[in-house]
Structures are given as C-alpha cells and as structure tokens.
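Topology and contacts: notes
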Amino acid sequence: MNSHLARDRSHVPPGQVQRILVTGGSGFIGSHLCRRLLTLGHDVLVVDNFYSSSRHNVVDLLDNPRFELMRHDVTFPLYVEVDQIYHLACPASPVFYQRDPVQTTKTCVHGSINMLGLAKRLGARILLASTSEVYGDPTVHPQVESYWGNVNPTGVRSCYDEGKRCAETLFFDYYRQHQLPIKVARIFNTYGPTMLANDGRVVSSFIVQALRGDPLTVFGDGSQTRSFCYIDDMVDGLIRLMNSPREVTGPVNLGNPGEFTMLELAKKVLALTGSDCPIEHGALPSDDPVRRKPDIGRARELLGWEPVVPLDQGLEQTVAYFRQALAG
C-alpha cells in the first residue's frame, strides 16, 4: 500500500476499539502497558525478541482472544496492520544494553526506522519510549525537555544514550518530512512488580539483596540521586500521551519528581523488608549520572498527568512481588 493511499489511523475516535502494536511488549513496562490496553478493550499485538525480557511476563495473556504475541526483532522490517504503535523495544538496563552494544545501537536506530516506516505506510500514530538518559550527566537540575543534555558520545553507556537520542532525531524528522503523527516520551526510572531480578536496576537489586540476606551494594558514597515512578503511573502517562491531541508531539518527561539519594533508597528497602543486611560501597560506574530528577511541568500542562503513587507504597508492592517470586 502506498503511503499516500494509507488510511489515516491517527484520529480514531476515543473509546473505539483499536489494534495496537507494542514492540518490546513482553518487557517490564511493555507487559504492564499491554494489560492496561486490554482492560480498555483494545486488541494488542506484541512483538519481542526476548533478548532482555521474558515470555513469562505475558504468558497468562495468550488465551485472551484480543492478544497476540509474535517473536520478532525490530531491526528487521515488520508487515502488520495496526492503528497505533508503542515503540518500546530496546534493552533498557546497563546489564543488557552493554552486553551487546552494537546490537543496542542497531535496535535504537534500525528498529526506529522500521517502525516509523510501518507507521508511515499505515498512517498510524506512533510513540517512542525514549529515556532520561538522553540528558546524560545533567548540568541542569531538574531536567527540562528543552535541555540538550551532557552525554559522552564514546563511553560505555553511549550505545543506549546516543541510540535513543538518534531515535528521537528520526521521529522528529519523520514528523517534519512526512507529517507523521509522533509522540516522544522521556521515561525516568520506573519500578514495580515483574521487574527482572538480575537486570541491575537499583530498586530490584536492593530488594533482591535484602530478601536474600546479602549486603546492599551502593555505588560511590550513595549521595547520587534518582527519581522513581511506579509502573501504574508510568503506564497512565504513556497512554495519555499517545491519545493527546495530534499537535502534542513531545518530548514529554514522564517520571516522579520526588528525588532520593541511593542511601535513602537502601534504608527504605531495608526497613520494608525487615532486613538487617549491611550496606557496602562500590566504585561508581563510568558516566553514571550524579543527579536525576524530571521537571514534569509539560506533562501536567499537556496531559493533566502527574504520579500519584508515593515511593513507600510502590516499594511495598514491589517487595511483596519479589518476596513471592524468590520463594517460588
């Protein structure tokens, strides 16, 4: 089908059932997003190569007649018919994206080109799950969308940081050159049930260490900060952005503006798990950001969105999940 003959699927009326593609849909955020979309009555197609995700995250959805799972690597073209595309496919934790950095860059760049090409052919609305890592080790605090970032282009994290920056470039070039209806979300640290125990993210790492009785590993002196958004809030933000007016392209920061040091987080986890494990300090990873906090003024204004789940409440849910998962 030629692009100029494609049906414009970007203005599907609210409430109407849509066929929605979620790349990377068996990952942490993707699997939660799929469940919410199914609850809203939509048909959901997941494509995933399971490099950094688990089929187990969506196996309970396979009997749902409105859900379909396809093993596919987005660095290769995909030919399907959908109304919306949530493009989440990419390993998002250093453990996975540094394992094969060339493939990570290819996923960010080739994967985005393929999904943008699909959206162009279909006239479909497409959302990019970008990242707060595009800001690098920021010199502006809190981070606003107009800040261009402070990123090392040749470091060990650059396959992901620069890969996502290039993906954003591609999205906006398709918007300007082909008038493609795009949405770009810059996702800050997100946590909750179904996180992988071995992905190296600080929340899951601390919880698993505490539950196993191991020392909690804090890098540096623990004064570096992060902001943690509970998964239910993040999914709500992504859906609001996708269904916002066409002229709202982003980028839009999605994250919780509450800022905590790593030592504060470690102590919260120890208290919630009832653990008396010691805290050990290790060397800071290369190019690890010192401070990270989103300015969400744009999300509040354009989407009417802000997080509602406080960190203590979200951590309780996450600890309960890992307690059960490790016991099994």
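What you see as residue numbers is a count from 1 along each chain, following the sequence as written. Residues qualify for local features only when their pLDDT is at least 70, as the model is predicted, and side-chain atom pairs are given and counted only at 80 or more; totals for whole chains, interfaces and linings, by contrast, use all residues. Side-chain measures here rest on the full set of heavy atoms in the structure, leaving out hydrogens and waters.

1. A closer look at the side chain of Thr190
Inclusion rule: Only DSSP runs of H or I reaching four residues or more are called helices, and only runs of E reaching two or more are called strands; each is numbered from the N terminus. Only protein chains enter the area calculation, which uses a 1.4 Å probe; residues under 20% of their type maximum are buried, those over 50% are exposed, and those in between are partly exposed. For this analysis, a polar contact is any N or O atom pair within 3.5 Å, provided that within protein one partner can donate a hydrogen and the other can accept it, and provided that sequence-adjacent residues contribute only side-chain to side-chain pairs. Any pair of residues with heavy atoms lying within 4.5 Å of one another is described as a contacting pair.
Tracing the sequence through the fold places Thr190 in strand S7 (residues 190-191). Classification of Thr190 by relative accessible area gives buried; the value is 7%. One polar contact links the side chain of Thr190 to the main-chain carbonyl oxygen of Phe188, over a distance of 2.8 Å. Setting aside residues no more than four positions away along its own chain, Thr190 makes contact with Phe28, Ile29, Met195, Cys229, Tyr230, Ile231 and Met234.

2. A word on the pairing of strand S1 (residues 19-23)
As a reminder of what qualifies: Paired strands, in this sense, are two strands between which DSSP finds at least two bridges. Every crossover in which the path from the first strand over the helix to the second runs clockwise, viewed with the strands pointing away from the viewer, is termed right-handed.
Extensive coverage of S1 is indicated by the burial of four of its five residues. Where S1 lies against strand S2 (residues 43-48), five bridges are found, and the strand directions are parallel. Residue pairing for S2: Ile20 is matched across the bridge by Val44. The parallel pair S1 and S2, bridged by helix H1 (residues 28-39), forms a crossover whose chirality is right-handed. Across four bridges, S1 lies against strand S4 (residues 84-87) in parallel orientation. Pairing of Thr23 across the sheet is with His87, part of S4.

3. Examining the pairing of S2
Each regular strand shows side chains that alternate between the opposite faces of the sheet. Here S2 lies mainly inside the structure; five of its six residues are buried. When S2 meets strand S3 (residues 67-71), the two strands line up parallel, connected through five bridges. Residue pairing in the sheet places Leu45 in a bridge with Glu68 of S3.

4. With respect to the side chain of Arg125
Let me state the cut-off plainly: We treat Lys and Arg as the positive residues and Asp and Glu as the negative residues; His and chain ends play no part in the count. Salt bridge criterion: a side-chain nitrogen from Lys or Arg within 4 Å of a carboxyl oxygen from Asp or Glu.
Topologically, Arg125 is positioned in strand S5 (residues 125-131). Notably, Arg125 is buried but unbridged: the nearest opposite-charge side chain belongs to Glu247, and the N-O separation is 7.4 Å. Here Met242 takes part through its backbone oxygen, which lies 2.8 Å from a polar atom of the side chain of Arg125.

5. Considerations on the packing of aromatic side chains
As a reminder, the rule being used: Any two of the Phe, Tyr and Trp rings considered here, Trp counted by its six-membered ring, make a pair once their centres fall within 6.5 Å; the pair's planes then place it as stacked at under 30 degrees, edge-to-face at over 60, or tilted in between.
Enumeration over the complete set of coordinates arrives at five aromatic pairs. Here the aromatic rings of Tyr135 and Phe188 are separated by 6.1 Å at their centres, their planes lie at 40°, and the arrangement is tilted. With a gap of 53 residues between them, Tyr135 in the loop between S5 and helix H4 (158-178) and Phe188 in the loop between strand S6 (182-187) and S7 connect regions that are remote in the sequence. For Phe188, a relative accessible area of 2% translates into the label buried. Measuring from centroid to centroid gives 5.1 Å for Tyr321 and Phe322, while their planes differ by 70°, and the two rings are edge-to-face. Tyr321 gets classed as partly exposed once you look at its relative accessible area, which sits at 25%.

6. Remarks on helix H5 (residues 202-212)
Counting buried residues in H5 gives eight out of 11 residues, a clear majority hidden from the surface. Three or more residues of H5 are buried, namely Val202, Val203, Ser204, Phe206, Ile207, Val208, Gln209 and Ala210. Against the buried residues of H5 lie S7, strand S8 (216-219), helix H7 (262-273) and helix H9 (311-327).

7. Comments concerning the packing of H7 against H9
For clarity, the threshold we go by: The axes are straight lines fitted to the C-alpha atoms, using for helices just the contacting stretch, and the angles between their N-to-C directions are given from 0 to 180°. For this classification, under 35 degrees means roughly parallel, over 145 means roughly antiparallel, 65 to 115 means roughly perpendicular, and everything else is oblique. Helix crossings get a hand from a simple test, with the near helix turned counterclockwise from the far one by less than a right angle marking a left-handed crossing and a clockwise turn marking a right-handed one. Residues are sorted three ways: Asp, Glu, Lys and Arg are charged, Ala, Val, Leu, Ile, Met, Phe, Trp, Tyr, Cys and Pro are nonpolar, and all the rest, Gly among them, are polar.
Packing of H7 against H9 leaves a shortest axis separation of 10 Å and a crossing angle of 55°. The angle between the axes of H7 and H9 places the two elements in the oblique class. Considering how the two elements wind past one another, H7 and H9 form a crossing that is right-handed. Residues Leu265, Lys268, Leu272 and Thr273 of H7 touch H9, and the partners they reach there are Leu311, Asp312, Leu315, Glu316, Val319 and Arg323. In terms of residue class, the contact of H7 with H9 is made up of five nonpolar, one polar and four charged.

8. Comments concerning the sheet that holds S3
By definition, the strands of a sheet pair up through backbone hydrogen bonds, in either a parallel or an antiparallel sense. With respect to topology, seven strands assemble into an open sheet ordered S3-S2-S1-S4-S5-S6-S11, the strand pairing being parallel. Lying at the two open borders of the sheet, with one neighbouring strand each, are S3 and strand S11 (252-254). The mean angle between the axes of side-by-side strands here comes to 20°, regardless of whether they run parallel or antiparallel. H1 rests against S1, S2, S3, S4 and S6 of the sheet, and its axis sits at about 170° to S1. Packed on one face of the sheet, helix H6 (residues 231-242) meets S4, S5, S6 and S11 and runs near 160° to S6.

9. Notes on the confidence of the model for the chain
Filter applied, for reference: The predictor rates its confidence in each residue with pLDDT, a number between 0 and 100.
Summarising the model, the chain shows a mean pLDDT of 91, and 95% of its residues fall at 70 or more. When the criterion is pLDDT under 50, residues 1-8 qualifies, and its contacts beyond four places in sequence or with other chains add up to 13 contacts.

10. A closer look at the packing of H1 against H6
For the pair H1 and H6, the least separation of the axes is 10 Å and the interaxial angle reads 65°. By the angle between their directions, the pair H1 and H6 is classed as roughly perpendicular. In this structure, the crossing between H1 and H6 has a hand that is right-handed. Taking contact as the criterion, the partners of Phe28, Ile29, His32, Leu33, Arg36 and Leu37 in H1 are, on H6, Ile231, Asp232, Met234, Val235, Asp236, Leu238 and Ile239. In terms of residue class, the contact of H1 with H6 is built from nine nonpolar, one polar and three charged.

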